[in-house]
Amino acid sequence: MGMITPVLMAGGSGTRLWPVSRKSFPKQFAPLIGEETLFQASARRLSGAFYGEPMVMTNADFRFIVAEQLEQIGISPEAIVIEPAGRNTAPAILAAALMVAAQDPDRLLLVAPSDHVIPDAEAFTRAVEQGIEPAKEGRIVTFGITPDRPETGYGYLELAGQGEGPQPLTRFVEKPEAARAAQMLEAGNFLWNAGIFLFSARTMIEAFRQHAPAFVEPVQAAIDGAKTDIGFLRLAAKPWDGLGDESIDYAVMEKADNLTVVRFSDRWSDLGGWDAIWRETLERSPSEDGVALTGHATAIDCHDVLLRSDSDDLEVVGIGLKDVMVVATSDAVLVADKDRAQDVKQAVTALRKKNRKQAVAFPRDHRPWGWFETLALADRFQVKRIVVKPGAALSLQSHVHRSEHWIVVSGTAKVTVDETVTLVTENQSIYVPLGAVHRMENPGKVPMVLIEVQTGSYLGEDDIIRYEDVYARDSDD
């Protein structure tokens, strides 16, 4: 076991990369760059000789996604910790420190967001190695990125000098105006704040006791009252709900006097907007015209554009465009000036006001057993495509307002309707009457696909009464 416990923060929603990133499936779980998701790439990067099994801090909505994506890359977590509610980074980081301290207060933790791109994992590990001794000596080590442009979307770290190696932090600098960002770039002693920290459990707990003591007792109470939930650790809700919503920077870092900065000069991006996706795509597939294409996209006489389609059924074609971003999914299209990348979150706000489902949800709804998507929806009927993973099972349930007709199009379904159990194979169907207690399982070794036709007076996902569930979900989960 390595000397460092990685702590991956995986609970954010990420509105600046809408429509690909949404509240129901945020950017860290999407393959925005390459075939792996950002979360998977982060977990893989923080593995190896220095690192132990990762601890993941997330919420109930994403717990099964976290577990599945770690399993796909062969990484077993030390713990997947479920926060009862989002309270920013301060209480989550304190909870990780307190849990590790219960086993070894001198153990080091490396806290990192799970949505960053760092192509050279070995270079990053060398930077982490530079911070080990200061962290063992009771310093809180933060990692600063050498800037390559006057970026106004990041906070900065000011150092006393421009040398290499660990250095004391002079001060934090908030996101600057363009002119100030240019001055800091020229000065050479300002780094982007990456939000990555290395410290011992003991050091961080003491920092909270000194600078943010109101967090310590409730977070410890949430840990003491935590319950194991089929492989997840669910923190107690009551003490957690009373916590303030504060970032680790505001609660501790900006007040502490024991901060050390390690400079990281290789490529890094937090993918904080579609302009960052444009830059990263061009790093991997250079273009003289600055044209970044992803998916089913075609550019004709375009310059400095991002064209992306995440839908197999939708081709994006740009003609004569310059400094424009076009991002398409199956249910939404974003068209924006590249200089307005940081304003994309305004689209989410506008869609929320219109009560449009595209603001937060995808057509494809991920569940622990697989996923489903709506193909047609009208008054009193709905048609879905449902995919169930091998060995997975939906809950034993009934509905008050709808009946269902299932047609298997691929694989085999084991279907329970009241007391009857039936194997339904390709091109066969079965009817589930209103009120019948039923369950669907995939007993095979390949994904099972079926078409579901619902009819009734109400077709919402909350019309479920659960009797048994292997995933220990509530009716609305």
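Before reading further, recall that the structure is shown in the block above.
In short, a report on the structure.

What counts and what doesn't
Residues numbered from 1 in each chain as written. Predicted model: local features only at pLDDT ≥ 70, side-chain atom pairs only at ≥ 80, totals over all residues. Heavy atoms only, no water. Phe/Tyr/Trp six-rings, centres within 6.5 Å; stacked < 30°, edge-to-face > 60°. Helix = DSSP H or I, 4+ residues; strand = E, 2+ residues; numbered from the N terminus. Buried < 20%, exposed > 50% of the residue type's maximum accessible area, 1.4 Å probe, protein only. Lys NZ or Arg CZ within 6 Å of the ring centre and 35° of its normal. Axes fitted to C-alpha atoms, helices over the stretch in contact; angles between N-to-C directions. Parallel < 35°, antiparallel > 145°, perpendicular 65-115°, else oblique. Left-handed = near helix turned anticlockwise from the far one by under 90°. Contact = heavy atoms within 4.5 Å. Pairing = 2+ DSSP bridges. Nonpolar A, V, L, I, M, F, W, Y, C, P; charged D, E, K, R; others polar.

Before going further, it helps to examine the packing of aromatic side chains. A full pass over the atoms with the stated rule returns 13 aromatic pairs. Between Tyr154 and Trp268, the ring centres sit 5.2 Å apart and the planes meet at 65°, which makes this aromatic pair edge-to-face. Of this pair, Tyr154 sits in the loop between β5 (140-145) and β6 (156-159) while Trp268 is found in the loop between β11 (259-264) and α10 (274-284), placing the two residues 114 residues apart along the sequence. Residue classification places Tyr154 among the buried positions, given a relative accessible area of 8%. Overall, Trp268 belongs to the buried group, its relative accessible area being 9%. Every member of this aromatic cluster is reached through a ring pair, and the members are Phe25, Phe29, Phe39, Phe62 and Phe362. Residue placement shows Arg364 over the ring face of Trp371; its charged tip is 3.5 Å from the ring centre.

In a pair of packed helices, the angle between the axes and the distance between the axes together describe the arrangement. Between helix α1 (residues 38-45) and helix α2 (residues 63-72), the least distance of the axes is 10 Å, while the angle of their chain directions is 55°. Taken together, the axis directions place α1 and α2 in an arrangement best described as oblique. Classified by chirality, the crossing of α2 by α1 is right-handed. Between α1, through Phe39, Gln40 and Ala43, and α2, the contact on the second element is made entirely by Val66, Gln69, Leu70 and Gln72.

The strand order β18-β19-β20-β27-β22-β25 describes an open sheet built from 6 strands, whose pairing is antiparallel. Strand pairing shows two members of the sheet lacking a second neighbour, β18 (364-367) and β25 (429-432), which therefore form its edges. Shown here is a sheet whose adjacent strand axes are inclined to one another by a mean of 20°, direction ignored. Strand direction decides the pairing type here: β18 and strand β19 (residues 370-378), joined by 4 bridges, are antiparallel. Residue Asp365 lies in a different strand from β19, and its bridge partner there is Phe372.

For the rest of this paragraph, the subject is the packing of helix α3 (residues 89-101) against helix α7 (residues 216-224). Two elements in contact, α3 and α7, have axes whose closest approach is 10 Å; the angle formed by their N-to-C orientations is 60°. In this view, α3 runs oblique relative to α7, as classed from their interaxial angle. Note that α3 runs across α7; the crossing there is right-handed. Within the contact between the two elements, α3 uses Pro91, Leu94, Ala95, Leu98 and Met99 and α7 uses Val216, Val219, Gln220 and Ile223. Per-class residue counts for the contact of α3 with α7 are 8 nonpolar, 1 polar and no charged.

On to the sheet that holds strand β12 (residues 291-295). Spatially, 4 strands are ordered β12-β14-β16-β17 in an open sheet, and the strand pairing comes out mixed. Strands with a single pairing partner mark the edges of an open sheet, and in this sheet they are β12 and β17 (333-337). In this sheet, neighbouring strand axes are inclined to one another by 5° on average, regardless of whether the strands run parallel or antiparallel. In this structure, strand β16 (residues 324-328) lies alongside β17, joined through 5 bridges in antiparallel fashion. Residue pairing across strands places Ala328 opposite Val333, the latter belonging to β17.

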